[in-house]
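Structural overview
Read off the chains here:
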Amino acid sequence: MKLWEVILKNQVLVTAVTGWLVAQVLKTLIDLALSKSFNPERLVGSGGMPSSHSSTVCALTTAASYRYGVGSFEFAISFVLSMIVMYDAMGVRRETGKQAKLLNSILLENPLKLNGEILQEKLKEYVGHTPLQVAAGAILGILLAVFMAQYY
């Protein structure tokens, strides 16, 4: 049990995991409200509002700033990681999702008369994020870290 006590006392880790968890739950609730159906994949999947990737890394970075200060290497590493993750979510991963959506629509029509082996699985379309989804995740992560700092 000592291991769990040590883990739960780690402000940076607990804050980052909380950022991910809260964003995933919010993403699932927003999807439920918009689609009127529960999609369990939203609890762990990527894409959607708010960005759980952004929430996680911004919670991590903010907690690192509280715990170690903005002059620390922990903050520097977290900050650079956050910038890469958020840039990637809006760039490469977002474009991948757009391409998957287009390919899925083409494969559904099957104009090339491809056999069933090639068409067995639909490509995942929820991969990246819009800038608004990334910003919402970032704000969520920062606010959670500020709130949780009171308890450490």
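Residues numbered from 1 in each chain as written. Predicted model: local features only at pLDDT ≥ 70, side-chain atom pairs only at ≥ 80, totals over all residues. Heavy atoms only, no water.

As recorded by an unreviewed UniProt entry, the chain carries the name Divergent PAP2 family protein and is attributed to Lacrimispora amygdalina.

**Thoughts on helix α3 (residues 52–68)**
As a reminder, the rule being used: Secondary structure elements follow DSSP: runs of H or I of four or more residues count as helices, runs of E of two or more count as strands, with numbering from the N terminus. An expected span of 1.5 Å times one less than the residue number is assigned to each helix. Here's how the labels work: a residue is buried when its accessible area is under 20% of the maximum for its type, exposed when over 50%, partly exposed in between, all with a 1.4 Å probe on protein chains only. Contact criterion: two residues are considered in contact whenever any of their non-hydrogen atoms come within 4.5 Å of each other. In protein, a polar contact requires one atom able to donate a hydrogen and another able to accept it; more generally it is a pair of N or O atoms within 3.5 Å, and residues adjacent in sequence count only if both atoms are side-chain atoms.
Here α3 is 17 residues long and its end C-alpha atoms lie 24 Å apart, about the 24 Å a rise of 1.5 Å per residue gives. Buried residues of α3: Ser52, Ser54, Ser55, Val57, Cys58, Ala59, Thr61, Thr62, Ala63, Ala64 and Ser65, and no others. Buried residues in α3 make contact with α2 (11–35), α4 (73–90) and α6 (131–149). Where α3 begins, the side chain of serine 51 points an oxygen toward the backbone nitrogen of histidine 53, at a separation of 3.4 Å. In the segment just after α3, glycine 69 is the residue with positive phi, at about 90 degrees.

**Describing the side chain of glutamine 11**
Along the chain, glutamine 11 falls in helix α2. Overall, the relative accessible area of 8% leaves glutamine 11 in the buried class. If near-sequence neighbours (up to four positions away) are discounted, glutamine 11 is found in contact with Ala63, Tyr66, Arg67, Ala149 and Tyr152.

**As for α6**
We apply this condition: It is the directions from the helix axis to the C-beta atoms that the arc portrays.
Helix length check: α6 (19 residues) gives 27 Å between terminal C-alpha atoms against 27 Å at 1.5 Å per residue, within 8%. The set of residues buried in α6 consists of Gln133, Val134, Gly137, Ala138, Leu140, Gly141, Leu144, Ala145, Met148 and Ala149. One side of α6 holds all its buried residues, which, seen down the axis, span an arc of 165 degrees. In α6, those exposed residues whose orientation departs by more than 90 degrees from the buried face are Leu132, Ile139 and Leu143.

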